[in-house]
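These are the residues of each chain, in order.
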Amino acid sequence: MNSIIDLHSHPTLKPYNNSAKKNIKDPVLHTEYCNSGEQFIIYNNPFFKVGAGVAKDSQANMQKLFDGKVKIICASLFSYERGFADLRDVAGLVMSPNLIECLTGINQFKLSVIERAALDTFHDISGEFQYLWDQVQWFNSQNFNYKIRLAQPGDFANKSAADIDSENIIYILLSVEGVQSLGITPPDHSKRDVVPLSNDELEFVLLNIDIMKADSPAGMSKWNCRPFYINLCHHFCNRVIGHARSLLPMMKKAFYQELNLDAGISAQGKTIIRKLLDNSTGKRIYIDVKHMSARSRKDYYAMLQAEYATEFAQGKTPIICSHTGISYKYDTLTAIDAEVDDAGKL
């Protein structure tokens, strides 16, 4: 196969969340939202220029993917986490809403809603999916030299690599970035404690999984293409599953990752995982282990061995790691075994 498969991509993240809501074909340039002073800060302050390594445009637009011979992508739907909206003093700069929009391309009103923990995250990614659906219809109505198709893994059963290479089509499989995107209210980082989900919150998350699988009561679902997989964690505490450190050391001044860092999977987290992996209607959503702490990965592997041993042996519950990096020393399973103290903590 000469074409590229991108297992983790965000073609809708910037166009869906910016003020103009542009199309998915062309890049979104953050400089469109910056005045000259903000542009100078973003491009010249060492924190942003070197340390953060934040791109100044959207990299996953369709034209760049097609030009790069990418034929299959897993498009990740993602509701921005509250931790990104905390306004902090960074490298001597007050992170004003204007500056954050300039840096991220996310509109100020949405940032303010996220900061107040007033965003229904599942409604947010449902809107992002609807935006993607509408964009695919628009895109294919234009006279471009290639098409886009929303797909399910089974759609490739009768296709050879040569077939995919020869087609002027980009296939999109859906994924979801973090269980916080399933309707979980983010924690208040200032209180420095993890509050378990209420029974109503947990039921809301489980119902939303049914909606993604189109197993919800008639009229409740706008989803007609279920996600291929979900990675359980992202950069901040989601209240049910421990995450790994993922931001550079100098980013600690801007973003607080410590809450639930390196923790394992709670009982509620395991209930959510079982719901995702349930295949009673043939609509399993697989698990991506990216961003999980070493302890939560270990907990998940133990679940697979204890509850899904036969299916795992048959390759029906594969371990997916869509994107990854070099582990911190406590992000190794052997380090956990060697360094756990009497309290059960690292």
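Up top is the structure.
In what follows, the accompanying structure is described. In this text, all values refer to a predicted model and were calculated from it rather than measured experimentally.

Turning our eyes to something else, we now look at the pattern of salt bridges. Side chains that carry opposite charge are capable of pairing whenever their charged atoms lie near each other. In the structure shown here, the tally under the stated rule is eight salt bridges. One salt bridge connects Lys275 with Asp210, and the closest N-O pair in it is separated by 3.1 Å. Of this pair, Lys275 sits in helix H10 (residues 267-277) while Asp210 sits in helix H9 (residues 199-212), and the two are 65 residues apart along the sequence. The salt bridge involving Glu307 is made with Arg274; its shortest N-O contact spans 2.8 Å. Residue Glu307 is found in helix H11 (residues 294-307), and its partner Arg274 is found in helix H10; the two are separated by 33 residues along the sequence. In this structure Arg274 comes out as partly exposed when scored by relative accessible area, which is 34%.

With respect to the helices, strands and loops of the structure, Tyr80 is situated in the loop between strand S2 (70-77) and strand S3 (89-90). Accessibility expressed as a relative area gives 11% for Tyr80, which makes it buried. Considered as a pair, Tyr80 and Ile125 are 45 residues apart in the sequence and their alpha carbons are 9.6 Å apart. Beyond its immediate stretch of four places on either side in the chain, Tyr80 contacts Leu13, Lys14, Asn17, Ile106, Ile114 and Asp124.

Our focus in this paragraph is the pairing of S2. Most of S2 sits inside the fold, with eight of its eight residues counted as buried. Pairing of strand S1 (residues 4-9) with S2, which is carried by four bridges, proceeds in the parallel orientation. Paired with Asp6 across the two strands is Ile73, which belongs to S2. In the sheet, S2 pairs with strand S6 (residues 169-177) via six bridges, with the strands oriented parallel. Residue pairing for S6: Leu77 is matched across the bridge by Val176.

Counting 53 residues, the largest nonpolar core has Met62, Leu232 and Ile272 as the members making the most contacts within it. Secondary-structure elements contributing two or more residues to this core are helix H4 (62-67), S2, helix H7 (121-141), strand S5 (147-150), S6, H9, H10 and H11. Here this core takes seven residues from H7, the largest share from any one element. Beyond its immediate chain neighbours, meaning those up to four positions away, Leu232 contacts Gly178, Val179, Asn238, Ile241, Ile273, Leu276, Ile287, Asp288 and Met292. Core analysis: the next-biggest nonpolar cluster, separate from the first, contains 14 residues, Leu13, Tyr80, Ile106 and Ala254 among them.

Calculation criteria
- The numbers attached to residues start from 1 for each chain and follow its sequence in the written order.
- Local features in this predicted model are restricted to residues whose pLDDT is 70 or higher, and side-chain atom pairs enter the listing and the counts only when it is 80 or higher, whereas totals over whole chains, interfaces and linings include all residues.
- In computing side-chain properties, one takes all heavy atoms of the structure into account and sets aside hydrogens as well as water.
- One speaks of a salt bridge when a side-chain nitrogen belonging to Lys or Arg is within 4 Å of a carboxyl oxygen belonging to Asp or Glu.
- The helix and strand labels rest on DSSP assignments: H or I over at least four residues marks a helix, E over at least two residues marks a strand, and numbering proceeds from the N terminus.
- For each residue, the accessible area found with a 1.4 Å probe, counting protein chains only, is set against the maximum for its type, and the residue is called buried under 20%, exposed over 50%, and partly exposed in between.
- It only takes one pair of heavy atoms within 4.5 Å for two residues to be counted as in contact.
- Two strands pair if DSSP finds at least two bridges between them.
- Residues grouped as a nonpolar core are buried Ala, Val, Leu, Ile, Met, Phe, Trp, Tyr and Cys residues, joined through side-chain atoms within 4.5 Å.

Nothing here speaks to function; it is geometry throughout.
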